[in-house]
Amino acid sequence: WACLEVRRGGFEKARELLEQALRSDPSHGAVWTAYGLLESKHGSLEKSRELFLQGLRRAPNHGPLYRTFAMVEERLGNYERARQLFREGIERDPYDAPSYRELSLLEKKFGRRDAFKELAHQAQDVFGSGNVKSVLLEGKCSNFVSAGDEHDLELTKLWSMEHALDLSS
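Since the structure is predicted, the reported quantities are computational estimates derived from the model, not experimental observations.

Visitor: Account for the packing of helix α6 (residues 79-92) against helix α7 (residues 97-109), naming residues and giving values.
Guide: Helices that pack against each other are described as a pair by the angle of their axes relative to one another and the distance between those axes. Where α6 meets α7, the closest approach of the two axes is 10 Å, and the angle between their N-to-C directions is 145°. Both α6 and α7 take part in a crossing whose hand is left-handed. For the pair α6 and α7, the contacting residues are Tyr79, Ala82, Arg83, Phe86, Arg87 and Ile90 in the first and Ser99, Tyr100, Glu102, Leu103, Leu106, Glu107 and Lys109 in the second. Its residues assigned to classes, the contact of α6 with α7 comprises seven nonpolar, one polar and five charged.

Visitor: Mind laying out the nonpolar core, listing which residues take part and the relevant values?
Guide: In this structure, Tyr100, Phe127, Val135 and Leu136 are the most contacted members of the largest nonpolar core, which totals 34 residues. At six residues, helix α8 (residues 113-127) tops the list of elements feeding residues into this core.

Visitor: So what's going on with the layout of surface pockets? Which residues, and what values?
Guide: Over the atoms, a rolled probe matching the size of one water molecule traces out where space is still vacant. For the second largest pocket, the calculated volume is near 170 Å³. Contributing to the lining of the second largest pocket are Ala2, Cys3, Val6, Arg7, Leu18, Ala34, Leu37, Leu38, Lys41 and His42. Breaking the lining of the second largest pocket down by element, the ones donating at least two residues are α1 (2-8) and α3 (29-42). Considering each element in turn, the lining of the second largest pocket owes the most residues, five residues, to α3.

Visitor: Give a detailed account of α3, specifying residues and quantitative values.
Guide: Here α3 is 14 residues long and its end C-alpha atoms lie 20 Å apart, about the 20 Å a rise of 1.5 Å per residue gives. Restricting attention to buried positions, one finds in α3 the residues Gly29, Val31, Trp32, Thr33, Tyr35, Gly36, Leu38, Glu39 and Ser40. As for α3, its buried residues are in contact with α1, α2 (11-24), α4 (45-58) and α5 (63-75).

Visitor: I'd like to hear about the packing of aromatic side chains, residue by residue, with values.
Guide: Throughout the structure, instances matching the rule amount to four aromatic pairs. Judged by centre distance (5.3 Å) and plane angle (80°), the rings of Tyr100 and Phe127 are edge-to-face. With a gap of 27 residues between them, Tyr100 in helix α7 and Phe127 in helix α8 connect regions that are remote in the sequence. The two residues Tyr100 and Phe127 agree in class, both being buried.

Visitor: I'd like a rundown of the pattern of salt bridges, residues and numbers included.
Guide: Close approach of charged atoms lets side chains of opposite charge pair. Within the structure shown, the criterion is met by 10 salt bridges. As a salt-bridge pair, Glu73 and Arg49 come within 2.6 Å of each other at their nearest N and O atoms. Placement of the pair is Glu73 in helix α5 and Arg49 in helix α4, with a sequence separation of 24 residues. Each of Glu80, Arg83, Arg87, Glu107 and Arg112 takes part in a single network of salt bridges with overlapping partners.

Visitor: Could you give an account of α5, with specific residues and numbers?
Guide: Spanning 13 residues, α5 covers 18 Å between terminal C-alpha atoms, matching the ideal 18 Å at 1.5 Å per step. Taken across its 13 residues, α5 has 10 buried, putting it largely inside the fold. When we look at burial in α5, the residues that qualify are Gly63, Leu65, Tyr66, Arg67, Thr68, Phe69, Ala70, Val72, Glu73 and Glu74. One or two positions beyond α5, positive phi appears at Gly77, with a value near 90°.

How each quantity is defined
- Residues numbered from 1 in each chain as written.
- Predicted model: local features only at pLDDT ≥ 70, side-chain atom pairs only at ≥ 80, totals over all residues.
- Heavy atoms only, no water.
- Axes fitted to C-alpha atoms, helices over the stretch in contact; angles between N-to-C directions.
- Helix = DSSP H or I, 4+ residues; strand = E, 2+ residues; numbered from the N terminus.
- Left-handed = near helix turned anticlockwise from the far one by under 90°.
- Contact = heavy atoms within 4.5 Å.
- Nonpolar A, V, L, I, M, F, W, Y, C, P; charged D, E, K, R; others polar.
- Core = buried A, V, L, I, M, F, W, Y, C linked by side-chain atoms within 4.5 Å.
- Buried < 20%, exposed > 50% of the residue type's maximum accessible area, 1.4 Å probe, protein only.
- 1 Å grid on protein atoms, 1.4 Å probe; cavity = no way out; pocket = protein on both sides within 12 Å on 5 of 7 lines; lining within 4 Å.
- Points joined across faces, edges and corners; volume = space filled by probe spheres on them.
- Expected span 1.5 Å × (residues − 1).
- Phe/Tyr/Trp six-rings, centres within 6.5 Å; stacked < 30°, edge-to-face > 60°.
- Salt bridge = Lys/Arg side-chain N within 4 Å of Asp/Glu carboxyl O.

This is a description of form; function is not addressed.
Right, dumping it as structure tokens:
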């Protein structure tokens, strides 16, 4: 219901609903994520950060919470903090494919080829080499397959793909 309230412009009602949800289940990572994001867009950045940090203490293995917090920090120009949050989120929830994508875009933005390659190898270990491209470019994994020999060639192709550089959206 909180999401519907946000769409209608009912930010106060959305806050009430999210707070009620957190009283019912203070370890619900998705609620912390939604509340932190709501505050980052329609409230106070300081409160947003406070909510994200509280959420990380209550739901320390919820990958999307780290990812969303990192994306807010990145949007504010806090790139090192964003990188740290993405990495910690991946460590806590290695199956959150969108975190790999977002971190790969950040690494590409700053030309950090070695960090990009390390991330791709990490994604390969988790998702299989056949899925590295879809994980890093689309943030999704359709299936798990075993590692292949052409992985480094694929990484070189992936690094040079122009649409991986498009950060405007």
